[in-house]
Amino acid sequence: MRGSIAAMILALAAGPALGDAVPVRSGEHGAFTRLVLAFESYPAGWQLARGARGYELTTGGSHRFDSAAVFERIGRDRIGGLRQPGPGRLVIDLDCDCTARGFRFGPSWVVVDIEGPADSAWPRPAAAADAALPDPVLPITLRPELRGEAGLDGSLAPRPAPPARPPVPAPEPEPVTDSARVDAARQMVLEQMQRALSQGLVDPAPEAPLDPADPDAGALPPDPDREVDNVAAETAVDRDRAKPLPDTPAPAPCTAEAELDLAGWGGTGEAAADIATARRAVMGEFDRPDPVAVRTLARVYIHYGFGAEARAVLAEFAEDDPEAPLLDALAAIMDAGRAPAGNPLQGQLACPGPAALWAVLARTELAPLAPVNAPEIRRHFSALPLAIRRHLGPVLAERLLDAGHDGLAASVRAAIERAGGAETSGLAVMQARFDRERGDADSAAARLDTVVAADDALSPRALIDLVELLVAQDRAVPARLVETAAAYAFERRGTGEGAELKRVELLALAQNGAHNAALDELARVTAAPGDAPAAMAALPEILSRMISDAHPADLARGVFAHRDLLTAEVVTPAQRRDLARRLMQAGLAETALALLKDSPDPPDPEDRLLRAEIHLALDNPEAALSALNRLAGARTEAVRSRALARLGRHDTALAAAEQAADAADLSAFAWRAGRWDQVAEIGTAEQREAVSLVLDAAPAPAGPGPGLATSRALLDESAETRRALRALLDSVPEDKAPAPPE
């Protein structure tokens, strides 16, 4: 275990092989959702700031982000969507009352954790309380290679624990002596130090070894004022993980190297001869299977890559064999690229020997940045028979790339390439993934297209990758690929791969602008059992393209025809609002308002604000003001000011506009309220000129009528006044002309 952290750091130090597009990876971790931005070089000026709908990450450069695969690994409970409004900008739209925390990881990566709800975390103790506690240094030092990386001096001191929960009434406890407190604290610290040792973060100092059997080992001076419940120790791994990652289960015994020696399980090197010899030895005296011979036959099958055959032999003849579960896991990896749940290789990611390699292959996926034993994986993958390397290499490389171990995945590819040989479909799919990671989308598309045209076992997988690549690049999907996806989806209906093929078929239709055709096909699929749940996963992406690209008439047709698909369970709140806003802009305000009726009760503040805007579009300012009740903020006040102006309450509208700091509305409302002094300061050029005629007008002279010179001056002024008023009227569209001041 101690080598796992250092190995991970060495693997990350190589940095991802990326082009201009920065891969964005994702993972669910229970208490938080993680995004990993795998920059090729660290963007020193990056910032993460709160926005109107979530957070925006800016890099200070011209980076583009490849976020096509983000929602393959996470749901939309916290992150509703990702947008790129410009170079070097990534907007994270949130669908929860969450907070985001960004930090640097390794030499160049940026990690963003979305945690929520924000009020669920325990507050830290006050600084004064921290200062009141002694800060003893334990006789344990950080490993040197981790000390510099962490920026620590090598010592490890206990952290204050979270505040205690409210006490539960209980019988009066017996007095706790100082000795009992110290003993309990000592035991807790020893247990936590053992955990840190198992995580590879610390080594015992030679002059002060930790020995649980020695009552004086690592003991702290007794403190009579400190309660036992206030003693806590936490390692950096514990602190940085809100909860244990799924890829770090409780330590499991490591499988011995001899039990995973696939290279030694062959015989003559001829598959047919070795299998025949092993099969003849299975049946012993009285036609009873020999357990040793059964294991040998299964191992021979595995050595030559026949996973299904090995599993059949084990199921038939080795049901009670204690070694059968491990062999069955290896056979399943050969056959399906992963082992069934509960296999013996679980929990062995950091083990020495070949167990580290097979533990990665046994998993369906790895969590982002999951610690693995990179040196052992490299060494033992290179030692596999060439046929097994070429067979499992693409699976292993893809799993490592998904988890962010780009350098280790490149080592796997190099181990295959060194052996030479023709490029198989599996190797082409793997190489396409590397092409995409480094930003060479054209090469990746060409390789995948070749595999699709080969029409072999990997063609459906290559087709899924190809369509997703074209969609991520915002390129049209050729019609032949759409037709092929439909054919494969029909052929494999009822399977997980068939559902994925149906999903990319729908995505391709939407990408090509056939949004309503995609919705029609989705409605047809959901009307029948089978692939409906998986197909519905394409709906948010179809809607995203409809919202951004569809003509208003096509948008309205899709909403009216498939209103039953747009349920709150499938459509995210952010998408529902975007769709309603597009409908409102298209003149379908009533339909937009009906769409927002699916919002939660009580409605989200963003939903209420949009409802107010729709009510204004329907010329119902009273309903708009009701929707804004008890809401605050600049955007809210801007909508409120327009609603008040519709009701003729111009003074109140002006006050609301001042809070919204909306210069355009402020000048209009000041004009309507007759606040000529304000108009003279903030009004448009035409407004200021018209107001100056009023404010600067001289009083009429007393006495007899004006003379000739005065009359000529009045005529000139009236002409100037008419010109200014004409300019003022021409500056305002007829449908938006302000009401006369009261």
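All values reported here derive from a predicted model rather than from experimental measurement.

> For this particular structure, what's the right way to read the overall build of the chain?
Check the secondary structure of the chain and you find 32 helices and 11 strands. Counting over 742 residues, the chain shows a buried share of 43%. For the chain, restricting intrachain contacts to residue pairs at least 6 apart in sequence, the fraction spanning at least 24 positions comes to 61%. Carbon together with sulfur atoms contributes 54% to the accessible area of the chain, which is approximately 37200 Å² in total.

> Explanation requested: the sheet that holds strand S7 (residues 89–94) in the structure shown.
Backbone hydrogen bonds are what pair the strands of a sheet, in a parallel or an antiparallel way. Read from one edge to the other, the open sheet built from four strands follows the order S3-S4-S7-S6, with strand pairing classed as antiparallel. A single partner strand is all that each edge strand has here, and the edge strands are strand S3 (47–50) and strand S6 (79–83). Going across the sheet, the axis of each strand differs from the next one's by a mean of 20 degrees, ignoring polarity.

> Honestly, the sheet that holds strand S9 (residues 109–115) in this entry has me stumped. Any pointers?
Across the sheet, which stays open at both edges, the five strands sit in the order S5-S1-S2-S9-S8 with mixed pairing between neighbours. Sheet topology places strand S5 (64–66) and strand S8 (99–105) at the edges, where each strand pairs with a single neighbour. Recorded for the sheet is a direction-independent mean angle of 25 degrees between the axes of neighbouring strands. Pairing geometry for strand S1 (residues 21–28) and strand S2 (residues 32–37), over five bridges, is antiparallel. In the sheet register, Val24 faces S2, and the bridge partner there is Leu37.

> Whenever I open this one, the pairing of S2 confuses me. Can you help?
Burial within S2 is extensive, with six of its six residues counted as buried. Neither face of S2 is left uncovered, since the one carrying Phe32, Arg34 and Val36 and the one carrying Thr33, Leu35 and Leu37 both have all their residues buried. Where S2 lies against S9, six bridges are found, and the strand directions are antiparallel. By the bridge assignment for S9, Val36 is matched with Val111.

> Where do I start with helix H16 (residues 459–472) in this structure?
Within an α-helix, residues lying three or four positions from one another point in the same direction, as the helix has 3.6 residues per turn. A rise of 1.5 Å per residue sets the reference length of H16, with its 14 residues, at 20 Å; its end C-alpha atoms lie 20 Å apart and thus fit the reference within 8%. Among the 14 residues that make up H16, 12 are buried, leaving the element largely enclosed by the rest of the structure. Every buried residue of H16 is listed here: Ser459, Pro460, Ala462, Leu463, Ile464, Asp465, Leu466, Val467, Glu468, Leu469, Leu470 and Val471. A positive backbone phi angle near 60 degrees is found at Asp474, which sits one or two residues after H16.

> So what exactly am I meant to see when it comes to the confidence of the model for the chain here?
Interpreting fine coordinate detail is not advised for predicted regions of low pLDDT. Mean pLDDT over the chain stands at 75; residues scoring 70 or higher make up 68%. Helix H10 (residues 355–362) holds the highest mean pLDDT among the elements of the chain, 94, whereas helix H2 (residues 127–132) holds the lowest, 35. Within the model, pLDDT remains below 50 along residues 197–250, and this stretch shows 103 contacts once partners closer than five positions in the same chain are excluded.

> In this structure, what is going on with the state of the cysteines? I would like to understand it.
Such a bond, covalent and formed between the sulfur atoms of two cysteines, is termed a disulfide. Counted by the stated rule, this structure contains two disulfides. Between the sulfur atoms of Cys96 and its disulfide mate Cys98 the distance is 1.7 Å. Judged by the sign of its S-S torsion, about -130 degrees, the bond between Cys96 and Cys98 is left-handed. When its relative accessible area of 24% is taken as the criterion, Cys96 is described as partly exposed. Each bonded cysteine in the chain gets a number by its place in the sequence, and the pairs come out as 1-2, 3-4.

What counts as what
Residues numbered from 1 in each chain as written. Predicted model: local features only at pLDDT ≥ 70, side-chain atom pairs only at ≥ 80, totals over all residues. Heavy atoms only, no water. Helix = DSSP H or I, 4+ residues; strand = E, 2+ residues; numbered from the N terminus. Buried < 20%, exposed > 50% of the residue type's maximum accessible area, 1.4 Å probe, protein only. Contact = heavy atoms within 4.5 Å. Areas by Shrake-Rupley, 256 points an atom, 1.4 Å probe, with all protein chains shown as cover. Pairing = 2+ DSSP bridges. Axes fitted to C-alpha atoms, helices over the stretch in contact; angles between N-to-C directions. Expected span 1.5 Å × (residues − 1). pLDDT = per-residue confidence, 0-100. Disulfide = S-S within 2.5 Å.

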